[in-house]
Amino acid sequence: MPASLSVAEDIVRSMAKTALDNEQYFCQLDSVVGDGDFGYSLARGFEKVMEEFDSIDRTDVGTFLKKVGIIITSRCGGTSGPIWGTAFLRAGMAAGTRSELGTADVVAMLRAAFEGIQKRGGAALGDKTLLDALDPLITSFERELAAAAKPGAAFAAAAAAAKEAADKTSELVAKRGRAAYTGERSRGSPDAGAIAVTLMARDVSERCTATAAD
Amino acid sequence: MPASLSVAEDIVRSMAKTALDNEQYFCQLDSVVGDGDFGYSLARGFEKVMEEFDSIDRTDVGTFLKKVGIIITSRCGGTSGPIWGTAFLRAGMAAGTRSELGTADVVAMLRAAFEGIQKRGGAALGDKTLLDALDPLITSFERELAAAAKPGAAFAAAAAAAKEAADKTSELVAKRGRAAYTGERSRGSPDAGAIAVTLMARDVSERCTATAAD
Amino acid sequence: MRKFVNDPKQFVPEMLKGLALANPETLTYVPQYNLIMRKDAPSDRKVSIIQGSGSGHEPAHVMAVGRGMLDAACPGDVFSAPPVDYITETTKLMRSEKGVLYLVNNYTGDRLAFEMAAELSMAEGIEVETLIINDDVAVSDSTYTVGRRGVAGNFFVIKAIGAASEQGADIEQLLAIGKRVVDVTRTMGIALSSCTPPAKGVPLFSIAEDEMEVGIGIHGEPGRRRAKRGTADEIVTLLLDAVVEDLPYKNGDRVALMINGLGGTPISELYLLFGRAHEQLKKRGIAVGRSYVGEYCTSLEMAGASLTLVRLDDEIEALLEADAEVPIRVF
Amino acid sequence: MRKFVNDPKQFVPEMLKGLALANPETLTYVPQYNLIMRKDAPSDRKVSIIQGSGSGHEPAHVMAVGRGMLDAACPGDVFSAPPVDYITETTKLMRSEKGVLYLVNNYTGDRLAFEMAAELSMAEGIEVETLIINDDVAVSDSTYTVGRRGVAGNFFVIKAIGAASEQGADIEQLLAIGKRVVDVTRTMGIALSSCTPPAKGVPLFSIAEDEMEVGIGIHGEPGRRRAKRGTADEIVTLLLDAVVEDLPYKNGDRVALMINGLGGTPISELYLLFGRAHEQLKKRGIAVGRSYVGEYCTSLEMAGASLTLVRLDDEIEALLEADAEVPIRVF
Ligand SMILES: Nc1ncnc2c1ncn2[C@@H]1O[C@H](COP(=O)(O)OP(=O)(O)O)[C@@H](O)[C@H]1O
Ligand SMILES: Nc1ncnc2c1ncn2[C@@H]1O[C@H](COP(=O)(O)OP(=O)(O)O)[C@@H](O)[C@H]1O
Ligand SMILES: [Mg+2]
Ligand SMILES: [Mg+2]
Ligand SMILES: [Mg+2]
Ligand SMILES: [Mg+2]
């Protein structure tokens, strides 16, 4: 199996584990200002991904990720289904049919995911969504790589940047999703989606990058 | 106004006050084993009696009490409406058209009330109803009078006997009214109706007999 | 008290006022006697059907007034039988050449009040008959001298008698029909929470979040026992065992199955219970011919449900199927 | 958790199974895609009407499937928009020559899912149009970029469009009718308690016994403010002020008035609120032409209520009056 595909597999597996391990916690975060179903929706989506994991088409990384996106879209309800499904679909499309991917490809895939979410959900930075964690994650990853960091170290730094940004969403007023209805009251708690991105990045960093191409 | 009529008025007024003052307490007693409405029903009935008090026909004690019974029957819901209404109706019928009543008449009236309740509700002694307080009250009153006690003292003794009997209803299993559904669980708490009779007797004894014919 | 209420003592009248305002073409509210009646009742071509009992069980019975159901309802205060003269006045208003039939749930207060009202009405020359409803299997005659309680099965009696009275049946026929329905109707309920009468302000009893009261009465009277709450399936089994074995309903029977909410349980859960009960009945060889899911006889906002079975035959089924129109229809 | 439930993850499927078993002649449940459809749908003589959104709002919208209302419903999990492919499969099953109309309540999750499903369905050659419902005045467009929420007013849109589609209206006409109804419909709600999604097991938020959440959303989203609970009259005034002044409804208007229960409030209280709202509207010179009291769009077992007004004209009134038959009827 090409190295990139096995890394992609590890990353998806790690993200699924984070989603399933934190189901209650993510629900709790969503219920402070939203409707409390985020953790449940995300967990059901990734649960289905893991159920079908072995039979997913692995022609190449792109196909693999697109299939993951379709499973998530089909099984994960709420805003998260279309949002997370779109992210994987776009990342897969950006990967194309290449069998080995470089760090530049990974950055392009992340950017594609970001833009897909933005287009689907219409959120801007600062609207208190997962984009507010994802953007600094990508920017930091790119910057570290440009500064010649190894991929593993670069991603660890990116995860830390995402964490800092996710924590800062506490200061924002939610403008998207169900949390938007709480207006001023949404201030003071971080965005559930942003925290999920952060924890996934941290776990991916810890679990996967050791075995990856660094 | 004949002395007997003013005593009857005082007694009804006192009973109404006891019912209204103890509305919550009687509800609470009824809710331990019954459905918790006894105090409310009784209070609404006596409230209406007090509202119409001044315009009640006072041709004689009998007419006065019958009218009180009709008001209670008409306004007081639950089991208590028919039960307490019947008691006053029967007492009034026993008083007949006499304008002055002796202690023997009063005993006869109480017995008539007792029998009316028994006929209406079909309860026997020991079924854990107000009859279990009313019977010793009447018996004790009669016995004390026979032993040449003054009416006031006799009634005070009767009230004490009623209290003792009402407390003892804790040991009984309810066989009548809503409390009957609790079966064995009804043991351990006294019957709400019996306690009401007791408190009314105590209050009548304290408030009225001083001014009465003793 | 998590309630929409003004003066708690005016709770019932204010509800009745709203009910009449919402049904201006079909219902009249008579404030003096706290009664709700069909605008087009009474009629000398039909027996007038009256039910009264404590309030707090809505839609029973004030929202069951209408064509093919009750002609009038005289509710008491929350959980209290109506006062005698309200019943008597309702009877007078519903006076019909064909007579007046009282449908009385078997509680001491209700029986005594309707008995006194019947005596008074008959003294005025009105023909009055009374049918007692007692479908609750939670309490059994042998131990409880007051007999079984009338609970959600009440609906089927009203529906069948309402339909037959609409078709012109006389009072003896209605009594016979009512008795036939009562004879084949059995109910048992489970409570998961207590409820708070508005004028009382505190819950009738307390029950832990993981407990259930098995065989609950509709006024918060305790039932058979307190137990740890089971799964929905376990609860359905428990209710079916009690209900099926009481009549008993047998392999080959065709029944109406009702899952009735006690007020605070959402209809989603009621349908879930219905589905499982339907499946379990099938396993016992009992076919569900008619389905009833929703709130028919409640205890204010109590969380809980009851299960009712009615053994169907052609006559009963035709009466249950007959057209009717009461406020509790959603549109 | 005072609930009747087996495996919390199977809560919605088990409810749907019960719903179909209770309505064997009219409804089919398709477990693979968690959908409920009319047995006699689709028909090429009518546009197919579909609604989907989170569960937990029953009877909305799975119990609104039937003649004159929805042709199919594809619910999500409790309080979660349905997954995209369930919507797509529902659309395929409901394919009609006259097209398919989605009625979508204005929530991000629902909008995104239906948007993706519409794209996928159109790629298969199915004509799909979407109508957005947003009747909740608690949140206003200026401050909330996601726009107003769709709540109990939903019922009127389904009812009017369902009736018109039954009469053969084409998809453009239905969109126009739907927009007209949405334009004259406004709602606001009040919660007196929270609710507990079965898979979550704990209440969504906490609220003291003497508090109310003014302008509550139907998923427990906070509303305008938290306040001390008022009397029923005060609450009616507060709701009417917000709703009436939003459109605004004016002296001389004729309206439909709906008091919708949020799940845990007994119907007695809803009628009480209705009566007071009716009286207050009269004082404002607004006549109640049609009355709706009961549960239409709930939040599981939440105690609370919402008030909806619809300004009536002859066309809307005729559509609301038209015959319909859905499971939520009591018999
Ligand atoms: N329009 C949007 N664009 C991008 N992300 C969004 C948008 N709306 C919400 N989110 C993200 O989704 C999370 C909530 O997801 P979820 O609970 O599934 O949605 P909901 O309950 O609102 O349908 C939020 O914490 C936020 O990060
Ligand atoms: N059959 C009966 N005969 C006499 N008294 C009775 C009977 N049933 C109940 N009671 C008395 O009435 C009291 C309850 O009254 P109430 O609460 O008004 O009745 P319920 O709620 O059962 O209709 C009991 O405490 C008991 O003393
Ligand atoms: Mg959410
Ligand atoms: Mg009582
Ligand atoms: Mg009572
Ligand atoms: Mg959601």
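Residues numbered from 1 in each chain as written. Chains lettered and ligands numbered in written order. Predicted model: local features only at pLDDT ≥ 70, side-chain atom pairs only at ≥ 80, totals over all residues. Heavy atoms only, no water.

Before going further, it helps to spend a moment on the overall build of chain A. Tallying secondary structure elements over chain A gives 9 helices and 0 strands in all. Going from N to C terminus, chain A has its helices and strands arranged as α-α-α-α-α-α-α-α-α. Over its C-alpha atoms chain A spans a radius of gyration of 16 Å, differing by no more than 12% from the 17 Å that the globule rule assigns to 214 residues. Along the three orthogonal principal directions, the C-alpha set of chain A runs to about 50 × 40 × 30 Å. Out of the 214 residues belonging to chain A, those deemed buried represent 59%. The contacts of chain A with a sequence gap of at least 6 include a subset with a gap of at least 24, amounting to 66%. Total accessible area on chain A is roughly 8300 Å²; 55% of this is exposed by carbon and sulfur atoms. (Helix = DSSP H or I, 4+ residues; strand = E, 2+ residues; numbered from the N terminus. Rg over C-alpha atoms; globule rule 2.2 N^0.38 Å. Buried < 20%, exposed > 50% of the residue type's maximum accessible area, 1.4 Å probe, protein only. Contact = heavy atoms within 4.5 Å. Areas by Shrake-Rupley, 256 points an atom, 1.4 Å probe, with all protein chains shown as cover.)

All right, on to the site of ligand 2 then. What surrounds ligand 2 is a group of 20 residues, the closest being Asp35, Asp37, Thr79, Ser80 and Asp191 of chain B. Bordering ligand 2 are residues originating from chains B and C. Note that an oxygen atom of ligand 2 is positioned 2.9 Å from one of the side-chain N or O atoms of Asp37 of chain B. When the free accessible area of ligand 2 is taken as 570 Å², the share hidden by the protein chains comes to 96%. When residues of the shell around ligand 2 are traced back to their parent elements, those giving at least two are α5 (80–95), α6 (103–121) and α9 (192–207) of chain B. For the shell around ligand 2, a count of residues per class yields 6 nonpolar, 8 polar and 6 charged. (Near = heavy atom within 4 Å. Polar contact = N/O pair within 3.5 Å; in protein donor to acceptor, adjacent residues only side chain to side chain. Nonpolar A, V, L, I, M, F, W, Y, C, P; charged D, E, K, R; others polar.)

Turning our attention to the arrangement of the chains. When the 3 pairs of chains in contact are compared, the highest contact count belongs to chains C and D. In this structure chain A stays clear of chain C, and the shortest span between their C-alpha atoms is 18 Å. The two units chain B and chain D remain apart, with a minimum C-alpha distance of 18 Å.

Residue and element names in this part refer to chain C. Across the sheet, which stays open at both edges, the 6 strands sit in the order β9-β8-β7-β12-β10-β11 with mixed pairing between neighbours. Each of the sheet's edge strands pairs with one partner strand only, and the pair in question is β9 (225–228) and β11 (287–294). Each neighbouring strand pair of the sheet contributes to a mean axis angle of 20°, computed without reference to strand direction. Alignment of strand β10 (residues 254–261) against strand β12 (residues 304–311), held across 7 bridges, turns out to be antiparallel. Paired with Val255 across the bridge in β12 is Arg311. On top of the sheet, helix α6 (residues 232–246) reaches β7 (185–191), β8 (211–214), β9 and β12; it is set at about 150° to β7, its chief contact. (Pairing = 2+ DSSP bridges. Axes fitted to C-alpha atoms, helices over the stretch in contact; angles between N-to-C directions.)

Residue and element names in this part refer to chain C. Reading across from one edge, β1-β2-β4-β3-β5-β6 is the order of the 6 strands in this open sheet, with mixed pairing throughout. Of all the strands in the sheet, just β1 (27–30) and β6 (128–133) have a single pairing partner and so form its edges. With 4 bridges connecting them, strand β3 (residues 48–51) and strand β5 (residues 100–105) associate as parallel partners. Opposite Ile49, over in β5, you have Leu101 as the bridge partner. In the packing of helix α1 (residues 11–22) onto the sheet, the strands contacted are β1 and β2 (35–38), and the crossing angle to β1 comes to about 155°.

Moving on, we get to the interface of chain D and chain C. Listed per partner, the contact involves 63 residues of chain D and 63 residues of chain C. Regarding the contact of chain D and chain C, the summed buried area is about 5700 Å², with carbon and sulfur atoms giving 62% of it. Scanning the region where chain D abuts chain C turns up 6 salt bridges. For Lys17 of chain D, the salt bridge identified is with Glu279 of chain C, shortest N-O distance 3.2 Å. (Buried area = accessible area lost by both parts, 1.4 Å probe. Salt bridge = Lys/Arg side-chain N within 4 Å of Asp/Glu carboxyl O.)

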